[in-house]
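# Working through the structure, step by step
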Amino acid sequence: RTLEVMMRHPTVILAVPGTFSEALLGLLLGIARACGMPVRGLVDSALAAALGTPSGQRLLHLDLQLHRTVVTELERGTEIVRRGVESSPRVGLVALHDAWARGLAKLFVRRTRFDPFHDAATEQNLYDQLPAWLSKLERDGRATLQLGRNEAHAIELERDEVPASTDALY
């Protein structure tokens, strides 16, 4: 019965970062209204993520966005209380991908004398393959990275060789 009621009267609750200003929330709600989304509420995304955690803990929620990182400090007792929110516009997913790409390009030059940034097509190829390479490194601890025409240039990489290129960002 509850599912039937929900299907006839759909509602949307949006999870948003704790850094959103009233102006941004208003813009978001205006866009949702223009799209016909029946928004019935907003919740801090860090608080929503902490719902399944055990009580009696201090939590840090890291929200890595495209152009920024938001860290929210939470206290999980009988209720979840947000203690603070910090935002860094300096570090986001784009900055991390750029740092990883630059670091990998340096490794290609050092190990094969091939510069992926010398040609726009191989630079784009590096960026396109980056998520799969990072996933393989995370999963297997090592990966073979291949670039260039007919994948002519390859390097072997261990997981612990990658973070050095992003240390300054952390």
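The structure displayed is predicted, hence computed values, not measured ones.

## Focus: helix α5 (residues 120-140)
- With 21 residues, α5 extends 29 Å from end C-alpha to end C-alpha; this agrees with the ideal 30 Å at 1.5 Å per step.
- Along α5, the sharpest change in direction is near 45° and occurs at Leu 130; proline Pro 131 comes one to four residues later.
- Within α5 the residues assigned to the buried category are Thr 122, Leu 126, Leu 130, Trp 133 and Leu 137.
- Residues of α5 that are buried in the fold lie against α4 (93-112), β6 (142-147) and β7 (153-158).
- The backbone nitrogen of Ala 121 has a side-chain oxygen 3.2 Å away, supplied by the residue at the start of α5, namely Asp 119.
- At the C-terminal side of α5, Gly 141 shows a positive phi close to 85°.

## As for the pattern of salt bridges
- Within this structure, the stated rule accounts for seven salt bridges.
- In this structure, Lys 136 engages Asp 140 in a salt bridge whose closest nitrogen and oxygen atoms are separated by 2.6 Å. You can see Lys 136 and its partner Asp 140 sitting in helix α5, four residues apart, about one turn around the helix.
- Overall, Asp 140 belongs to the partly exposed group, its relative accessible area being 39%.

## Concerning the environment of Arg 90
- Within the secondary structure, Arg 90 is located in the loop between β5 (80-88) and α4.
- Residue classification places Arg 90 among the exposed positions, given a relative accessible area of 52%.
- Taking the C-alpha atoms as reference, Arg 90 lies 8.0 Å from Thr 69; in sequence the two are 21 residues apart.
- For Arg 90, the contacting residues outside a window of four places in its chain are Ala 95, Ala 168 and Leu 169.

## A closer look at the packing of aromatic side chains
- In total, this model carries two aromatic pairs according to the counting rule given.
- For the pair Phe 108 and Phe 114, a centre-to-centre distance of 6.4 Å together with 80° between the ring planes defines the contact as edge-to-face. Residues Phe 108 and Phe 114 agree in their burial class; the two are buried.
- With centroids separated by 6.4 Å and ring planes inclined at 5°, the aromatic side chains of Phe 117 and Tyr 127 adopt a geometry described as stacked. In this pair, Phe 117 is assigned in the loop between α4 and α5 and Tyr 127 in helix α5, connecting sequence segments 10 residues apart.
- The exposure class assigned to Phe 117 is partly exposed, which follows from its relative accessible area of 29%.
- The exposure class assigned to Tyr 127 is partly exposed, which follows from its relative accessible area of 23%.

Rules of the game
Each chain carries its own residue numbering, running from 1 in the direction its sequence is written. For a predicted model such as this one, the threshold for reporting local features is a pLDDT of at least 70, and the threshold for listing and counting side-chain atom pairs is 80 or more; totals across whole chains, interfaces and linings nevertheless cover every residue. Based on all heavy atoms of the structure, the side-chain values leave hydrogens and waters out of the count. Secondary structure elements follow DSSP: runs of H or I no shorter than four residues count as helices, runs of E no shorter than two count as strands, and numbering proceeds from the N terminus. Under the convention used throughout, the expected extent of a helix is 1.5 Å for every residue step, that is, one less than its residue count. To get the bend at a given residue, fit one axis to the seven residues ending there, fit another to the seven starting there, and take the angle between those axes. Think of it in three bands: residues with accessible area under 20% of the maximum for their type are buried, residues over 50% are exposed, and the middle band is partly exposed, with areas taken using a 1.4 Å probe on protein chains only. Residues are treated as being in contact if the distance between any of their heavy atoms lies within 4.5 Å. A 3.5 Å cut-off defines polar contacts: any pair of N or O atoms within that distance qualifies, except that in protein one atom must be a possible hydrogen donor and the other a possible acceptor, and neighbouring residues in sequence count only when both atoms are side-chain atoms. Basic side-chain nitrogens of Lys or Arg form a salt bridge, by our definition, when they fall within 4 Å of a carboxyl oxygen of Asp or Glu. To pair, rings of Phe, Tyr and Trp, with the six-membered ring standing in for Trp, must have centres within 6.5 Å; the planes then decide the type, stacked if under 30 degrees apart, edge-to-face if over 60, and tilted in the middle.

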